[in-house]
Amino acid sequence: MSMTIDEKKAQNAALIDEVLKAYPEKTAKKRAKHLNVHEEGKPDCGVKSNIKSLPGVMTIRGCAYAGSKGVVWGPIKDMIHISHGPVGCGQYSWAARRNYYIGVTGVDTFVTMQFTSDFQEKDIVFGGDKKLEVIMDEIQQLFPLNKGISVQSECPIGLIGDDIEAVSKKKSKEYNGHTIVPVRCEGFRGVSQSLGHHIANDAIRDWVFDKADPDKRPDFVSTPYDVAIIGDYNIGGDAWSSRILLEEMGLRVIAQWSGDGTIAELENTPKAKLNVLHCYRSMNYISRHMEEKYGVPWVEYNFFGPTKIEESLREIASHFDDTIKANAEKVIAKYKPLMQAVIDKYRPRLEGKKVMLFVGGLRPRHVIGAYEDLGMEVVGTGYEFGHNDDYQRTTHYVKDGTLIYDDVTGYEFEKFVEKVKPDLVGSGIKEKYVFQKMGVPFRQMHSWDYSGPYHGYDGFAIFARDMDMAISSPIWGLSKAPWKK
Amino acid sequence: MPQSADKVIDHENLFREPEYQDMLANKKAFEFNHSDAKIQEIVQWTKTEDYKQKNFAREGLTVNPAKACQPLGAVYVANGFHKTLSFVHGSQGCVAYYRSHFSRHFKEPTSCVSSSMTEDAAVFGGLNNMIDGLANTYNLYQPDMIAVSTTCMAEVIGDDLNAFIKTAKEKGSVPQEFDVPFAHTPAFVGSHITGYDNALLGVLKHFWDGKADTAPKLTRVPGEAINFIGGFDGFVVGNMKEIKRIMDLFGVEYNVICDPSEVWNTPTDGEFRMYEGGTTKETVERALNAKATIIFQEFSCEKTAKFIGEHGQEVVVLNSPIGVAGTDRFLMEISRLTGKPIPAQLEKERGLLVDAMADSQAHLHGKRYALYGDPDFLLGLSEFLLELGAEPAHVVATNGEKDWEAKMNTLFASSQYGAACKAYPKRDLWHLRSLLFTEPVDFLIGNTYGKYLERDTGTPLIRMVFPIFDRHHYHVRPIWGYEGGMRVLVDLLDEYFETLDANTIVAGKTDYSYDIIR
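Note that the coordinates shown come from a computational prediction; the quantities given were computed from them, not determined experimentally.

> Whenever I open this one, the side chain of Arg31(A) confuses me. Can you help?
Position of Arg31(A) among the secondary structure elements: in helix α2 (residues 25-32). With near-sequence residues (within four places) excluded, Arg31(A) lies in contact with Leu20(A), Tyr23(A), Leu54(A), Asp406(A), Asp407(A), Val408(A), Thr409(A) and Glu412(A).

This is the structure:
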C-alpha cells in the first residue's frame, strides 16, 4: 500500500535529519536551512538559497566565469571569447556545453574553440593588460571576420588590478568601434554560476546595447510579430526546435539568446515586440532591462512536454492578435497526434516511475511537466544556483511532500537517492557515474546526455525515448551477479 | 512534421529535415553575416603559407592548446592514493571543472572537494575556508588522508598552505596526526604535468621528510624493492595493469607510487566506491627504502625525480617508452636493477609484437604523422613510429620546452625516417592546423579536440591522447609494454585501413582497390 502524504512527509523529514547527523554541528545548522519537505500552499519551497557553499562538502556548483563564458557569452557564435587568465578554465569548458550553431568554425564562427591568454607567472607579476592588447591585435589579424571580442575574466584578473575596461575601450576605438566587451566574471565573485549570468547580462547592457548605433542596419525592418528567444542555449538544438514552433504560429524570431546567436541579433533585440524567456535564472536581468529601457515586455515560457508547451504557446499568443492566437491553436492541433503517439508508446512503460532531479537554471522545475506527461512523478528536486524567486516558481510545479535540496552536497545527494530509491536520477556529469554504479538509471540533464533537443514537440519525442531508454535498459538487471541475488 | 514516435529522429538528422533547413536558411537574414564569397576567401587564406607565417608569429594569443592547468594534475595524484580525498584550496568552480574533465574521459566518478573561496576570502585570505573545509571533509567523507592543492586564486593572494593546515589542526579541524600533505599548484606555471609533479612531491615530502615538522624524518633502510611512478597518464587504467603484470612476471618486489587505476575503474554492482585501490601510506613510507625508482615520464616528475635521488636511491628516468626498443630499455633497467633475468613470457611477447610489426609494416612504412600531447608521450610514440618506418613529421607539445625539443631532435637524428621531422615546443593546435594545410600528413594522433583538425584539414585522427571524450573506454587498454605496443599498432593499422576503404568505396569508380585481402 502506498504511503499517505503525511507519512511521506514524515519520512522525508526524518531522512533530512539523518543526513545532517554526518556534519559537524556548525555545518549541520547551515545545511539544514537548504533542505526541506515541500508544504503545499506555501509561497516558496522553504529553503534558503543563493548562499555561499560550505567549504569541503563537495558542492556541485561552478563559478561566475562558468556562468558568463560557459553559459551566456560562449554560444554567441560570431564573437571571439577570450578566456583571460591561466589556461585551465577555457580548457575544461572548451566545447563542453553542446551549444549547437551553424557556421564555418575558425572563420566566421568560433564557439567550439578555446581562445586563452594562457597567463604565465610574469603576467601575474607585471599585469596582463599589455598581453591582452597584443592578443586583440592578433585576433583581428588572424580572425578578420570576427564580429566582436569578449574578455572573460578568470580569477587572477580582479586580484592583480588589471584594467581590462581600458584595454577594451582603447582597442575598440583603434578598430573603428569594433565590439569589445570586458566581462568581470572572475570565478571568486558571488557564490555560484549565478552571479556570472548577472554580470554577463550587465555587460551586454553596457557594452553592446549602450554602444550600438541604432541606425547600423537600415535593412532591418520591424514587423508587429517580432519576438526574441531569450535564455535558450541551443543545447543539442533546443532553440531550433523551439523557434520552429514560434515561426509556425506566425511570429518572426529576430534573435536567439544566445544559442546559435550573433551580435547582430543581440543588437536588434530591443526592436522586438515581445521577449520570450526560457531560462529565467540566467537572463531575467537583461529582459527586465529591455522592458524598462526599451519597453519590450517579456513572458516566461516552458517548452518541455506537451502540457507545458500548449500552455506556453497560448500564453505567448495572448500577447498578439487573433491571427496569432488562432495559429497557436493550429500548431497545438497539428502536433497533438504526434504527442499522443509518443505518450501512448512510452507512458505504459514509465507510469508511476519516480524521478529525482538536481540541476541548474530552470530545469529543476521546468522539466517536471514533461515527466508528468509520461506518467512519472518527481519526488525530489533542487537547484544548483537558484534564488528564492526560483523556489517560488517551483511551487507551481512540485507536489506536496516533495524533497527539496538547495546546493546539495555529494554526500546528501548520495544518501537521499539511497533512501528514496528513485527509478531515475537527472543531474550532471559529476553525478552520473556515482548513481549508475549504485544501479540507478541516470540521465544528464545539462547536456541531455549528448542527446536532445528536448525543447518543443520534436524534442519531447526524444526526451520520452531517452527516459525510457535509461529506465528500461536491460543493463540494470545485470548489476547484481546472479549468485549474489 | 519530421519527428515520429515510431522512429525517433535524433539531432544529427532532425535538423537536416526540410522544415528545419528552411528555418535555418531564413535565420541568416537576422545574422548579418559576411558574404559567402568573403567567408570562402578567408577559408582559403587560412590554408596558405602567408597565414601560417602570421599564425606562427603569434606572441600573446593561444588558440586550442593541448594542455591543462596544474591543479588537474594534483587532483590526479590525490586520486592515486588509498582513501585519499583531493582538496583544492581556492575557487570552487575549478573543482567542478576538474571533476567533469576526468569523468568525461574515464566515464567514472571523480571525487574532489573545494574550499569554496569567494570575495571575502580574496580580501582576508582563505584560512577560515581551510579550517571549516578540512573539518567538513574529514567528517563527511571519512578519508584516511586529505591531499591539498591550490587554484590560481589562492596562489595570487598568497595563502600559505603549510601555516593554514597547521592552524586548522590546532583548531581541531582534523586530528593532529591526520595526514594532510599539500602542494602549491599555481595554474599560471607549467601545466597539468607540473601539477602532477608538485603534488606527488608534496606527498613524498610529507611522509619521508617529517610530515611538515610534526614527526621525525624517516631513515632510509636500503632494500631490494623497485618503485614505479607513471606520471600523468590518461590510459592509466590499462597501463598500470600492464606495468604490474610485467613486475609480477619478473617476480620483483615493487611499489607503485600514485596509482589511480582502480578508483577510475570500479564496477557497476549496486555500490558506489568513493575510494578504491590506490597507494597506501605504508607503501609510500616503504618506498623510501627501495633500491631504485623508475620514473616512466620524465617531464611529469622533474622535481620528484630530484627529490627521490637526494634520498639515496637510484632514479631511472624514462620518456613514456612505447614500442619495442623503448620497452626493451624499460625491461632491461628492471633486470639491471634487480639482477633478475627478463622473463621468458615477456621475451615471447616482444617477439609477438615484432612479428605483428613485420606482418604489417608495409602499410605504415613512409606514412607521415602529426602528433600532439604531453612531452613524454610524444617521445615514446615517435620512437615507435620510427621503428615502424613511419615519420612523426609534426610533433607538437603545448607544454613542451626547449629541453624536450632537444630530446626530440636527438631521437629524429637516430633514424633515417626522422630526417624530415620537426618538434614544436609551446605551440598549439591552431599552429598545427596551419602545418596540416601547408605540409600535409597522412594521419593525426591526438585527443578528442583533434577532431576539429580532422574536420578542417581532412587528416584522419587516431585518438591516443588524454582527454578522449567522444570515444569510450580507450583508457582500459594499455599503450605501454609490448602488449600496449600491440594495441598502438592495431590502432594505427585500423585507421589506415578504414581510411583506405573510405577512399575506395565508390562502386564502379574506385572500388577496384576496395580489397578483401590486405
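The discussion continues.
> So what exactly am I meant to see when it comes to the pairing of strand β2 (residues 84-89) of chain B here?
In summary, the side chains of a regular strand alternate between the two faces of the sheet. Residue and element names in this part refer to chain B. In terms of burial, β2 is a largely internal element, six of the six residues being buried. Alignment of β2 against strand β4 (residues 145-150), held across six bridges, turns out to be parallel. Residue pairing for β4: Thr-84 is matched across the bridge by Met-145. Of the strand pairs in this sheet, β2 and strand β3 (residues 113-114) are connected by two bridges, and their pairing is parallel. Bridging from a neighbouring strand, Val-88 pairs with Ser-114 of β3. With respect to chirality, the unit in which β2 leads through helix α6 (residues 92-106) into the neighbouring parallel β3 is right-handed.

> I tried to follow the nonpolar core on my own but got confused; where do I start?
Soluble globular proteins tend to pack their nonpolar side chains together in the buried interior. Counting residues in each nonpolar core, the largest one holds 249 residues, and the members touching the most others are Trp73(A), Phe143(A), Tyr371(A) and Phe330(B). Considering every element that reaches this core, the biggest residue donor is helix α14 (residues 322-350) of chain A, with eleven residues. Excluding residues that lie within four positions of it along the chain, Tyr371(A) makes contacts with Val355(A), Leu357(A), Met376(A), Val378(A), Leu424(A), Met445(A), Phe463(A) and Met467(A). Counting residues in hydrophobic clusters, the runner-up holds 49 residues, among them Val379(A), Phe416(A), Phe435(A) and Tyr141(B).

> Any chance you could explain the packing of helix α4 (residues 49-56) of chain B against helix α19 (residues 429-438) of chain B here in plain terms?
Helix packing for two helices is described by the angle between their axes and how far apart those axes are. Residue and element names in this part refer to chain B. For the pair α4 and α19, the least separation of the axes is 9 Å and the interaxial angle reads 155°. Here α4 is positioned roughly antiparallel relative to α19, judged by the angle of their axes. For α4 against α19, the interelement crossing comes out left-handed. On α19, the residues that touch Glu-49, Tyr-51, Lys-52, Asn-55 and Phe-56 of α4 are Trp-430, His-431, Ser-434, Leu-435 and Thr-438. Taken together, the residues of the contact of α4 with α19 break down into four nonpolar, four polar and two charged.

> What should I look at first to understand the interface of chain B and chain A in this one?
Quite often, the size of an interface is put as the accessible area lost when its parts meet. Across the contact, 102 residues belong to chain B and 120 residues belong to chain A. It is Phe30(B), Phe32(B) and Tyr97(B) in chain B that bury the most area against chain A; as a group they hold 9% of the surface buried on that side. Our count for the contact surface shared by chain B and chain A stands at eight salt bridges. One salt bridge connects Arg465(A) with Asp10(B), and the closest N-O pair in it is separated by 2.7 Å.

> It is not clear to me how the packing of aromatic side chains should be interpreted in this structure. Could you clarify?
How two aromatic rings sit relative to each other is given by the distance of their centres and the angle of their planes. If you walk through the whole model with that rule in mind, you get 52 aromatic pairs over all chains. Ring geometry for Phe304(A) versus Trp448(A): centroids 5.7 Å apart, planes at 80°, classification edge-to-face. A residue pair is termed long-range when its members are at least 10 positions apart, and Phe304(A) in the loop between β9 (298-300) and α13 (306-317) and Trp448(A) in the loop between β14 (442-444) and α20 (456-472) qualify at 144 residues. For Phe304(A), a relative accessible area of 1% translates into the label buried. Among the aromatic residues, those joined into a ring-pair cluster are Tyr76(B), Phe102(B), Phe106(B), Tyr196(B), Phe232(B), Trp264(B) and Phe466(B). Here the guanidinium or amino end of Lys211(A) rests over the ring plane of Trp207(A), the centre of that ring lying 4.8 Å away.

About the criteria used
Residues numbered from 1 in each chain as written. Chains lettered and ligands numbered in written order. Predicted model: local features only at pLDDT ≥ 70, side-chain atom pairs only at ≥ 80, totals over all residues. Heavy atoms only, no water. Helix = DSSP H or I, 4+ residues; strand = E, 2+ residues; numbered from the N terminus. Contact = heavy atoms within 4.5 Å. Buried < 20%, exposed > 50% of the residue type's maximum accessible area, 1.4 Å probe, protein only. Pairing = 2+ DSSP bridges. Right-handed = clockwise from strand over helix to strand, strands pointing away. Core = buried A, V, L, I, M, F, W, Y, C linked by side-chain atoms within 4.5 Å. Axes fitted to C-alpha atoms, helices over the stretch in contact; angles between N-to-C directions. Parallel < 35°, antiparallel > 145°, perpendicular 65-115°, else oblique. Left-handed = near helix turned anticlockwise from the far one by under 90°. Nonpolar A, V, L, I, M, F, W, Y, C, P; charged D, E, K, R; others polar. Buried area = accessible area lost by both parts, 1.4 Å probe. Salt bridge = Lys/Arg side-chain N within 4 Å of Asp/Glu carboxyl O. Phe/Tyr/Trp six-rings, centres within 6.5 Å; stacked < 30°, edge-to-face > 60°. Lys NZ or Arg CZ within 6 Å of the ring centre and 35° of its normal.

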